[in-house]
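# Structural features, examined
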Amino acid sequence: MVSTISSIRQNHALPYNPLQDDKIKEEFPLEEDGVQFSHTLDEQLRSQIKVGFQIVDLYEDTNSEGKLHDFNVPTFWASYSVKK
């Protein structure tokens, strides 16, 4: 069975830094909504390795609701790294 996720759209390319987008800063006051950055896994993992961290473990999770969750698409991940 082939399914499509028609209600999801990508608005910005990766990596994305909302602090560099004046329109976002106007629409969503940072002191109220917080800041969410988006990076590629390559950017995050490679940066940790380059500065001397050893990646010990990885964890991924969904946001517990919505289409991506329904399709078991991870939307969050974390790494456990140790400085060598």
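Below is a short write-up of the structure. All of these numbers come straight from a predicted model, not from anything done at the bench. (Residues numbered from 1 in each chain as written. Predicted model: local features only at pLDDT ≥ 70, side-chain atom pairs only at ≥ 80, totals over all residues. Heavy atoms only, no water.)

Secondary structure summary: the protein chain contains four helices and two strands in total. Reading the protein chain from its N terminus to its C terminus gives the helix and strand order α-α-α-β-α-β. Among the 84 residues that make up the protein chain, the fraction classed as buried is 7%. Sequence-distant contacts in the protein chain: of pairs separated by 6 or more residues, those separated by 24 or more amount to 44%. By element, 51% of the accessible surface of the protein chain is carried by carbon and sulfur atoms, the whole surface being about 7,200 Å². (Helix = DSSP H or I, 4+ residues; strand = E, 2+ residues; numbered from the N terminus. Buried < 20%, exposed > 50% of the residue type's maximum accessible area, 1.4 Å probe, protein only. Contact = heavy atoms within 4.5 Å. Areas by Shrake-Rupley, 256 points an atom, 1.4 Å probe, with all protein chains shown as cover.)

With that out of the way, let us pick up the pattern of salt bridges. Using the criterion set out here, one finds one salt bridge in the structure. Of the charged contacts in the structure, one is a salt bridge between arginine 46 and aspartate 42, with a shortest N-O distance of 2.5 Å. On the criterion of helical spacing, the pair formed by arginine 46 and aspartate 42 is a turn pair, its members being four residues apart in helix 3 (residues 41-50). (Salt bridge = Lys/Arg side-chain N within 4 Å of Asp/Glu carboxyl O.)

The next thing to look at is the packing of aromatic side chains. Taken as a whole and judged by the stated rule, the model has zero aromatic pairs. The aromatic ring of phenylalanine 53 is capped on one face by lysine 83, whose charged end is 5.2 Å from the ring centroid. (Phe/Tyr/Trp six-rings, centres within 6.5 Å; stacked < 30°, edge-to-face > 60°. Lys NZ or Arg CZ within 6 Å of the ring centre and 35° of its normal.)

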